[in-house]
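# Summary of structural features
So the chains spell out like this:
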Amino acid sequence: MGTGTIVNNRFTYSPAKKLARSVDVPLILAVVALVVFGLIMLYSASFGFSFNEFGSPTYMFGRQVRWLALGIALAVGLSIFDYHHWRRVVVFAMLATIALLVTVLFINEMRLGASRSLFQGSYQPSEVAKLISIIYITVWLYAKRDFLHDISLGLIPLGVILGIIGGLIYLQPDLSAAGTVLVLGGLLFFLAGADIKQIVFILILAIFMGWIIVQFSVTGQDRVTSFLAGLEDPTHASYHVQRSFEAVIKGGFFGVGLGQADTKLTGLPFAPTDSIFAVVTEELGLFGAMLLILLYAVLVWRGLVIARRAPDMLGTLLAAGVTFWIGLEALINMAVMVGLMPFAGNALPFVSAGGSNLVSTLCAIGIILNISRQSGEHVKNEEIDWRSFGAIVDLRRGNGRRSVSRSRRSRRTHV
């Protein structure tokens, strides 16, 4: 076909392959596979619930497809939108997000014992708040990168930012979303180059705050108590986790067959949303669960490689932040369903029903793709170095090494 040549174990593209140079193909394939997998499993998990609640077996599936179309459009737009421009607009985005979180508290639209949504459950600001928080904290850390070692200019302001966002989400109450924001904020602070002493202080403070929440939050107490009871004896776990165990056991290695699960029809709580991983394991078995985990692993791997090779610290923190967010959401959801963590309401990215989470996650993918395109990560200098597939990601030191290297090249150029 004449599309390229091999030189020194490297494949060099011809100019006709400009499109391939603009995207990270493994990342795109992983996301497409997750989206298709999610739509199939969502229809299987939701047709009974949709028929009983809305009179149509395809109601939730149809809504998810519409949200998917919006998410894809926004992802394409953000893949073109220069991520450096977030420095100009992120303050307004954060103020709008805070306004929506406050609005949720005032409207007080109660669903399942919590006030988390607007427009009769169609929109959850906390999902968007996770993404906007990552972007805002990333931009803030990048702007303050020379002062992070100063507690009064680094750690304390960061604590105030996270406290406002996490506090508003906690008041809904949404413990898992608030915890996710705080964890990601601390992780980004670490990746930005904070002192180990500050990180240790954050960990101690996080443990103390977690203990306080468990002591004074009825929801937190119930979740921790049922989790500990389930660790001692699975028959003493919460009803939700017990039904999930039942689905996993029934699934075996290859599952009972797509669409053939019965726990989703006999009382598995939130089958199309929080518990959809249990449906996956029952219908597709351990094999299907491992395939899903592999897809998430590919997504996280490519996201971290893109972060490692970003043109600057801003790109590194942003790509790493949204990548860790998606991976953390998936990890928590799956761990809860097999009794390895206290119950949390985190959605399974690309799979669980929910427009807010799906759109936010796709927007995150668009941002990663923009960083990849600008860094030339996929085909750097019109080449793919196949050894990059075994690269070790070092996010804390990578940008420093590149900065030194660039400064040395600059000095040699001017000599």
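Conventions used here
- In this convention, every chain numbers its residues from 1, walking through the sequence in written order.
- Local features in this predicted model are restricted to residues whose pLDDT is 70 or higher, and side-chain atom pairs enter the listing and the counts only when it is 80 or higher, whereas totals over whole chains, interfaces and linings include all residues.
- To get the side-chain values, take all heavy atoms of the structure and skip hydrogens and water.
- The secondary structure listing takes helices from DSSP runs of H or I that are at least 4 residues long and strands from runs of E that are at least 2 residues long, numbered from the N terminus.
- Relative accessibility thresholds used throughout: buried, under 20% of the residue-type maximum; exposed, over 50%; partly exposed, between the two (1.4 Å probe, protein chains only).
- In what follows, a contact means two residues having at least one pair of non-hydrogen atoms within 4.5 Å.
- Throughout, the Shrake-Rupley method with a 1.4 Å probe supplies accessible areas, and for residues the shown protein chains are the sole cover considered.
- Lining residues are those with an atom within 4 Å of a point, where the points come from a 1 Å grid over the protein atoms alone and group into cavities, where a 1.4 Å probe fits but cannot get out, or pockets, open sets with protein on both sides within 12 Å along at least five of seven lines.
- Grid points are joined across faces, edges and corners, and a volume is the space filled by probe spheres set on the points.
- For this classification, the nonpolar set comprises Ala, Val, Leu, Ile, Met, Phe, Trp, Tyr, Cys and Pro, the charged set comprises Asp, Glu, Lys and Arg, and every other residue, Gly included, is treated as polar.
- Here the axes come from fitting lines to C-alpha atoms, over the contacting stretch only for helices, and the angles between their N-to-C directions go from 0 to 180 degrees.
- We call two directions roughly parallel when the angle between them is under 35 degrees, roughly antiparallel when it is over 145, roughly perpendicular when it lies between 65 and 115, and oblique otherwise.
- For any pair of crossing helices, the crossing counts as left-handed if the nearer helix is rotated counterclockwise from the farther one by less than a right angle, and right-handed if it is rotated clockwise.
- For this document, the term salt bridge refers to a Lys or Arg side-chain nitrogen within 4 Å of an Asp or Glu carboxyl oxygen.
- Think of pLDDT as the predictor's per-residue confidence, scored from 0 to 100.
- Pairing of aromatic rings covers Phe, Tyr and the six-membered ring of Trp, with a centre-to-centre limit of 6.5 Å; geometry is then stacked below 30 degrees between planes, edge-to-face above 60, and tilted otherwise.
- Both a distance and an angle decide whether a charge sits over a ring: NZ of Lys or CZ of Arg must be within 6 Å of the ring centre and within 35 degrees of the ring normal.
- Only buried Ala, Val, Leu, Ile, Met, Phe, Trp, Tyr and Cys residues count toward a nonpolar core, and they belong to the same one when joined by side-chain atoms within 4.5 Å.
- Excluding any residue in a salt bridge, patches collect residues exceeding 30% relative accessible area, merging like charges within 9 Å and nonpolar Val, Leu, Ile, Met, Phe, Trp and Tyr side chains within 5 Å.
- A helix is expected to reach a length of 1.5 Å times the quantity of its residues less one.

## Re the overall build of the protein chain
When helices and strands are tallied, the protein chain shows 14 helices and 5 strands. The proportion of buried residues among the 415 residues of the protein chain is 47%. When contacts within the protein chain are restricted to residue pairs at least 6 apart in sequence, long-range pairs at least 24 apart make up 72% of them. Approximately 20200 Å² of the protein chain is accessible, and the part contributed by carbon and sulfur atoms is 68%.

## A short note on empty space enclosed by the protein
Leftover empty space is mapped by rolling, across the atoms, a probe with the size of a water molecule. Summed over all chains, the structure comprises 1 cavity of 30 Å³ or more. Broken down by secondary-structure element, the contributors of at least two residues to the lining of the largest cavity are α2 (25-54) and α3 (59-80). For the lining of the largest cavity, a count of residues per class yields 7 nonpolar, 2 polar and no charged.

## Focus on the packing of helix α7 (residues 175-191) against helix α12 (residues 313-337)
Where α7 contacts α12, the two axes come as close as 10 Å, and the packing angle between them is 140°. In terms of orientation, α7 and α12 fall into the oblique class. Crossing geometry of α7 relative to α12 is assigned as right-handed. Residue-level contacts link T180, V183, L184, L187, L188 and L191 of α7 to L317, A320, G321, F324, W325, L328, E329 and I332 of α12. Its residues placed into classes, the contact of α7 with α12 shows 11 nonpolar, 2 polar and 1 charged.

## Focus: the pattern of salt bridges
Per the counting criterion, the structure on display carries 7 salt bridges. Taken together, the shared-partner salt bridges connect R243, E246, K250 and D262 into one network.

## Focus: the confidence of the model for the protein chain
Low-confidence regions, as indicated by low pLDDT, have predicted coordinates that should not be scrutinised in detail. Summarising the model, the protein chain shows a mean pLDDT of 80, and 80% of its residues fall at 70 or more. Every residue in residues 5-16 scores below 50 in pLDDT, and together they form 29 contacts with partners more than four places removed in sequence or on other chains.

## Here we look at the packing of aromatic side chains
Overall, the coordinates contain 7 aromatic pairs when judged by the stated rule. Ring plane angle 75° and centroid distance 6.3 Å describe the contact between F49 and F54, whose orientation is recorded as edge-to-face. Residue classification places F54 among the partly exposed residues on the basis of a relative accessible area of 42%. Considering the side-chain rings of F81 and W86, the 5.6 Å spacing of their centres and the 80° angle between planes classify their relative orientation as edge-to-face. F81 gets classed as partly exposed once you look at its relative accessible area, which sits at 29%. An aromatic cluster of three or more residues is present, and its members are Y43, F47 and F61. The ring of Y142 carries R145 above its face, with NZ or CZ at 4.1 Å from the centroid. Here R302 stacks its cationic end above the ring of W301, 4.7 Å away from the centre of that ring.

## Notes on the nonpolar core
If you look at the biggest cluster of nonpolar residues, it comprises 94 residues, and the most contacted ones within it are L141, Y296, L348 and F350. For this core, the leading source of residues is α12, giving 14 residues. When sequence neighbours within four positions are dropped, the list of residues in contact with F350 reads V31, L34, V35, G38, Y296, L299, I326, N357, L358, T361, L362 and I365.

## Let's talk about a nonpolar patch on the surface
Nonpolar side chains collect at one region of the surface, where F253, F254, L286, F287, M290, L291 and L294 lie side by side and expose about 730 Å² of accessible area between them. Mapped onto the elements of the fold, L294 is located in helix α11 (residues 276-308).

## Notes on the environment of G159
Here G159 lies in helix α6 (residues 155-170). For G159, a relative accessible area of 40% corresponds to the partly exposed category. In this structure, the C-alpha to C-alpha distance between G159 and I202, residues 43 residues apart in sequence, is 9.2 Å.

## What to know about unusual backbone geometry
Residue F270 is not a glycine yet carries a positive backbone phi of 55°. Relative to the assigned elements, F270 resides in the loop between α10 (239-251) and α11. Notably, F350 is not glycine yet its phi reads approximately 70°, a positive angle. Along the chain, F350 turns up in the loop between α12 and α13 (355-375).

## A short note on the side chain of T361
Relative to the assigned elements, T361 resides in helix α13. Given a relative accessible area of 1%, T361 falls into the buried group. The contacts of T361, once residues within four sequence positions are left out, are W325, I326, P349 and F350.

## Some points on α3
For α3, built from 22 residues, the straight-helix expectation of 32 Å at 1.5 Å per residue is met to within 8% by its first-to-last C-alpha distance of 33 Å. For α3, the complete set of buried residues consists of M60, G62, Q64, L68, G71, A75, L78 and S79. In this structure, the buried side of α3 is in contact with α2, α4 (86-107) and α13.

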